[in-house]
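Residues per chain are reported as follows:
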Amino acid sequence: MQRTLQSLRQSTRSLRRRPGFSLAVILLVGLAVGATTAVFTVHRALLLKPLPMADLDGVVAIHRTNTAGGNRTGSDPFSYPQIRDYAHRTSTLAEVGPYFWWWVNFSGGEIPERVAGGFASAELFSILHLVPETGRFFRVDETEPSAEQDVAVVSHSAWKRLFGGAPDLVGRSIEVNGHSFEVVGVAPAGFAGVEAGADVQVWVPLPAAKRILSFGQSLEDRAVALVRMIARRKPGVSLGTAQSEVAAISERLAVEHAPTDGNHRAWAIDLAHSFVSPRDRNRLESDVRALYLAVLIVLIAACVNISSLLSVRGEELHRELAVRRALGEPRRGLARRLLAEITVLFALGGALGLPTGLWVLAGLWRIRPPELADAAIELGPGPAVYLFAFLVTAVAGLMSTILPLARATRPDLRSSLASPLPLQQRSRPRGRWGRRALVVMQLALAMTSLLTARLFLGKLETARATRLGFDPTNLLTLTLAPGDQGLDPEASRQFFDGLLERTRALAGVESVALAESRLLRGGVTRYEVYPDTATDPLVNGSALAHRRNIVSPGFFTTARIPLVAGRDFDATDCPNCPGAVIVNRRLAEAAWPGQDPIGHQLHLVAPDRPAVTVVGVAENTVYRDLNEEPAFFLYLPASQQQAISMTLHVRTQGEPSALLPPIREAVLELVPGLPIAQAAPMTTWVDRAMARERGLALFYGAFAALTLVLALVGVYGVMAQTVQTRRQELGIRLALGATPAGILAMILGEVALLAAAGTLGGFALTLGVFRPLLASQLAGVAPLELMGYAWQLALLAAAALIGSWTPAHRASRVPPAISLAAR
């Protein structure tokens, strides 16, 4: 132990005398460990161990799926009566916790906000074994179906953000959708719901939805599926047993309640694997795999660079170690000396990796895909992250040092002691070829990183070129829910009529319209559609239910969605008039191929429901996802449908955001205290829809730049050492008449050959490994073509030239007398 401590002290003093070398290794280790740790933190928080403040062992999420379309792993919710049936019939689940979240108007702080509100049973919190930050959670009697207690639990983030962490918040009153609730507790830090897409700011008992939501009375309707559930397995019950029982219960309910449950089945999955919805999980797993591949390139490039630096350091120690070995010092002592230096460097580099990882993590989270809520997960470091950082540091150390260490501890005593030349001036062909191999590896990794970044940039360009079907420029959107503020349907209608009138009167407004769902948000509700007298629903692929939007007259003009047939909604579509519908072109062509769809009828939800008449056909647009399959879509008139909230779409002549203050003023004059949500230009939402493509392109671009810098530094270090070992050879060439320009050209020519080998290696690695592994992210991107990547080739050539120019230029300018002085 004492020898080890002595070696560490000697190594620390030695490294202080070489600050450039020490700092370079520490920075390389820190960058590699930090980047890898950041990706692992996101991976763990989303897919491996979400909700770190909760006990997830034995907790399952139960989903429902419509098997008529052949799907057995959908993630549809249940109705409240259905969940009660499962809770009463199960024998394998100890507790069943129903919940759902919805946007609510939240008042209590200084400014009213439109936030995600959670409606939950008392069991939700007990199933997760959560401990409140202060106060308590709901009691069972407060969440019974007939309960009328108005109590609330505020999220930790809302407690800090809106109430300044006030210790006396418990017992105070807040308002949710205009109703007063007494705060009984504050949720633990990091808990914002059990879904990655939710950022719940306030929780109220589930029965309160009947009183404070405009659609709350439908909570007891078995056909209205709004509620989700989690449950905890009883001790000794396996996941497979619970899954079998859940499936069996759903089979029995399908027989007993055929009209509502007939085509639906339930299935259970560990909550840790359900935090991200099954629909998004596969895509997110592919994204995380792509991030790991990017940091893997950086990690390997850093290790190659460190190996080069340590080889140089080993060469410096070679003669000293040879003398020590000749004097009888055991090889174990020599190894201890080098290991001590390496341990100090990698320990400092690993420590630097943690703050570096937090910095990379912040950048990663800013470019997250839109289905992940801002505060959905806790991204702080923990024991698992620290352990991972340690393991990455250890693996990087092993990869970087095994060869330099083996070579340095086996010195050639005869050559080291007999030669009068400094080691740096000896030319050893084996060492020279080893250094050339390192250069080729670094350049190949840099080329791979550049090519992959170019592929992701191509994916982003493809997304930007996607035909949206509407014009997002000069279009402002903002969402309002007066019904959730206590206004009845008629009062809400009058509010929106007044708001439309005032907004049209503002200077710079071209047109204005309302829609239940904002463009690119798709539709909240989905219907099964039965054309004319059909008894089977219209199917699009495996989709049985199709999204719809409720819009006011002028919506298609404001959004600039062309009507390819028929008319827009107008005054003839009055509340008591025959039902009207506008369908998109894809639905019209599928339902009535080769026919004029105008005048045909559709039955929504079921074939025995009242029909609506097609009055128009709208051009297809992108509804939810830039990469979505072509979808069926319906538009219903706002005059004949009641919407929970509406989004104002304002077509402007100039900058859309400039009109937000006067619109906000008009809203508050009509309904004081009504919050405005999601107010932003439409281009913002289009950018968010491209978040995945932009994020991966930025991430790979940044890491390509980093890898290129590593390659430049590596080429410089290796070429400087190579030139140093060839000083005698170069001196002889100069003495025999070679010109400095010729020497410079010779060295740069050798580097050009290495760069060519690295380029070919990069193409091979990209085509053979990275492109297949990233196939799902790069779908639709053109294959690699050598001539199409001229700027990547130019960057790599420039890095090789810059890295080798200074050593080559110095070598060509050294007088032969100095180069040969040691002979």
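Here the structure is a predicted model, which means the values were calculated and not measured. (Residues numbered from 1 in each chain as written. Predicted model: local features only at pLDDT ≥ 70, side-chain atom pairs only at ≥ 80, totals over all residues. Heavy atoms only, no water.)

## Some points on the overall build of the chain
From N to C terminus, the chain includes 23 helices and 21 strands. Out of the 823 residues in the chain, the part that is buried amounts to 53%. Residue pairs at least 24 apart in sequence account for 80% of intrachain contacts in the chain once pairs closer than 6 positions are excluded. Working note: accessible area of the chain is about 35,000 Å², and carbon and sulfur atoms make up 59% of it. (Helix = DSSP H or I, 4+ residues; strand = E, 2+ residues; numbered from the N terminus. Buried < 20%, exposed > 50% of the residue type's maximum accessible area, 1.4 Å probe, protein only. Contact = heavy atoms within 4.5 Å. Areas by Shrake-Rupley, 256 points an atom, 1.4 Å probe, with all protein chains shown as cover.)

## Some details on a nonpolar patch on the surface
Taken together, Leu387, Phe390 and Leu391 make up a surface patch of nonpolar side chains, about 320 Å² in accessible area. Summarising the element assignment, Leu387 is placed in helix α11 (residues 383-408). (Patch = residues over 30% accessible without salt bridge, like charges linked within 9 Å, V, L, I, M, F, W, Y side chains within 5 Å. Salt bridge = Lys/Arg side-chain N within 4 Å of Asp/Glu carboxyl O.)

## Quick word on the state of the cysteines
One pass over the structure, following the stated rule, counts 1 disulfide. What pairs with Cys574 in a disulfide is Cys577, and their sulfur atoms sit 1.7 Å apart. Torsion about the S-S bond of the Cys574 and Cys577 cystine: about 85 degrees, corresponding to right-handed handedness. (Disulfide = S-S within 2.5 Å.)

## Points about the pattern of salt bridges
Counting across every chain of the model gives 32 salt bridges. A salt bridge links Asp573 to Arg567; its shortest N-O distance comes to 3.0 Å. Residue Asp573 is classed as buried on the basis of its relative accessible area of 3%. As a salt-bridge pair, Arg585 and Glu619 come within 2.8 Å of each other at their nearest N and O atoms. Taken as a pair, Arg585 in helix α16 (residues 585-591) and Glu619 in the loop between β18 (611-618) and β19 (633-637) lie far apart in primary sequence, 34 residues in all. For Arg585, a relative accessible area of 30% translates into the label partly exposed. For Glu619, a relative accessible area of 12% translates into the label buried. When salt bridges that share partners are traced, they join Arg136, Arg139, Asp141 and Glu142 into one network.

## Some remarks on empty space enclosed by the protein
In this structure the tally under the stated criterion is 7 cavities of 30 Å³ or more. One number sums up the size of the largest cavity: a volume of about 220 Å³. Along its surface, the largest cavity is lined by 17 residues, and Leu291, Leu364, Ile367, Arg368 and Pro369 are the ones closest to its centre. Elements represented by at least two residues in the lining of the largest cavity include exactly α2 (19-48), α9 (278-326), α10 (331-366) and α19 (691-725). When residues in the lining of the largest cavity are grouped by element, the largest group, 5 residues, is from α19. Here the residues of the lining of the largest cavity sort into 13 nonpolar, 1 polar and 3 charged. (1 Å grid on protein atoms, 1.4 Å probe; cavity = no way out; pocket = protein on both sides within 12 Å on 5 of 7 lines; lining within 4 Å. Points joined across faces, edges and corners; volume = space filled by probe spheres on them. Nonpolar A, V, L, I, M, F, W, Y, C, P; charged D, E, K, R; others polar.)

## Observations regarding the packing of aromatic side chains
For any pair of aromatic rings, the description consists of the separation of the ring centres together with the inter-plane angle of the planes. According to the stated counting rule, one finds 19 aromatic pairs in the structure shown. Ring geometry for Phe125 versus Trp203: centroids 5.7 Å apart, planes at 80 degrees, classification edge-to-face. On the criterion of sequence distance, the pair formed by Phe125 in helix α4 (residues 122-127) and Trp203 in strand β8 (residues 200-205) is long-range, its members being 78 residues apart. For Trp203, a relative accessible area of 2% translates into the label buried. In textbook terms, an aromatic cluster arises when at least three aromatic residues are bridged by ring pairs, as seen for Phe125, Phe137, Phe138, Phe191 and Trp203. The positively charged end of Arg84 is found above the aromatic ring belonging to Tyr80, 4.7 Å away from the centroid. (Phe/Tyr/Trp six-rings, centres within 6.5 Å; stacked < 30°, edge-to-face > 60°. Lys NZ or Arg CZ within 6 Å of the ring centre and 35° of its normal.)

## Some points on the nonpolar core
Leu46, Leu128 and Ile230 are the most contacted members of the largest nonpolar core, which has 117 residues in total. If near-sequence neighbours (up to four positions away) are discounted, Leu46 is found in contact with Ala196, Phe275, Val276, Leu284, Leu372 and Ile377. Residues Ile62, Val176, Ala208 and Ala242 belong to the second largest nonpolar core, which totals 46 residues. (Core = buried A, V, L, I, M, F, W, Y, C linked by side-chain atoms within 4.5 Å.)

## With respect to the side chain of Ser449
Secondary-structure assignment places Ser449 in helix α13 (residues 429-464). On the accessibility criterion, Ser449 (2% relative accessible area) is buried. Contact partners of Ser449, with chain neighbours within four places excluded, come to Ile297, Tyr700, Phe703, Ala704 and Thr707.

## Description of a negative patch on the surface
A contiguous patch of negative charge on the surface is contributed by Asp488, Glu490, Asp497 and Glu501. Its location among the elements puts Glu490 in helix α14 (residues 489-504). Using a relative accessible area of 45% as the deciding quantity, one classes Glu490 as partly exposed. (Lys, Arg positive; Asp, Glu negative; His and termini not counted. Charge placed at Lys NZ, Arg CZ, Asp CG, Glu CD.)

## Brief notes about unusual backbone geometry
The phi torsion at Leu51 lies on the positive side, around 50 degrees, for a residue other than glycine. Residue placement: Leu51 occurs in the loop between α2 and β1 (59-66).

## Let's talk about the environment of Ala87
Tracing the sequence through the fold places Ala87 in helix α3 (residues 80-89). C-alpha of Ala87 to C-alpha of Met229: the two residues are 142 residues apart in sequence and 10.0 Å apart in space.

## Concerning the confidence of the model for the chain
The pLDDT averaged across the chain works out to 84; a share of 85% of its residues lies at or above 70. Across the chain, helix α15 (residues 555-559) holds the top mean pLDDT of 97, while helix α12 (residues 413-418) sits lowest at 48. (pLDDT = per-residue confidence, 0-100.)

## Things to note about the environment of Phe390
If you trace the backbone, Phe390 turns up in helix α11. Taking the C-alpha atoms as reference points, Phe390 and Thr37, separated by 353 residues in sequence, lie 9.6 Å from one another.

## Focus: the packing of α3 against helix α7 (residues 239-256)
It is the contact of α3 with α7, at a shortest axis distance of 11 Å, that shows an interaxial angle of 125 degrees. In terms of axis orientation, α3 runs oblique to α7. The chirality of how α3 crosses α7 is right-handed. Judged by residue contacts, Asp85, Tyr86 and Arg89 of α3 engage Glu245, Val246, Ile249, Ser250, Arg252, Leu253 and Glu256 from α7. (Axes fitted to C-alpha atoms, helices over the stretch in contact; angles between N-to-C directions. Parallel < 35°, antiparallel > 145°, perpendicular 65-115°, else oblique. Left-handed = near helix turned anticlockwise from the far one by under 90°.)

## Examining the side chain of His43
In this structure, His43 sits in helix α2. Every residue in contact with His43, bar those within four places of it in the chain, is listed here: Leu48, Val288 and Tyr292.

## Some remarks on α14
Taking 1.5 Å per residue as the helical rise, α14 with its 16 residues ought to reach 22 Å, and the 23 Å between its terminal C-alpha atoms agrees with that figure. Listed in full, the buried residues belonging to α14 are Ser492, Phe495, Phe496, Gly498, Leu499, Leu500 and Thr503. Where the residues of α14 are buried, they touch β11 (475-480), β12 (509-515), β20 (646-652) and α17 (660-670). (Expected span 1.5 Å × (residues − 1).)

## Topic: the packing of α14 against α17
Helix-helix packing: each pair is described by the crossing angle between the helix axes and the interaxial distance. Where α14 meets α17, the axes come as close as 10 Å, and the angle between the chain directions of the two elements is 145 degrees. For the pair α14 and α17, the sense of crossing is right-handed. The segment α14 lies against α17, with Phe495, Gly498, Leu499, Arg502 and Thr503 engaging Ile663, Ala666, Val667, Glu669 and Leu670. Looking at the contact of α14 with α17 residue by residue, the classes come out as 6 nonpolar, 2 polar and 2 charged.

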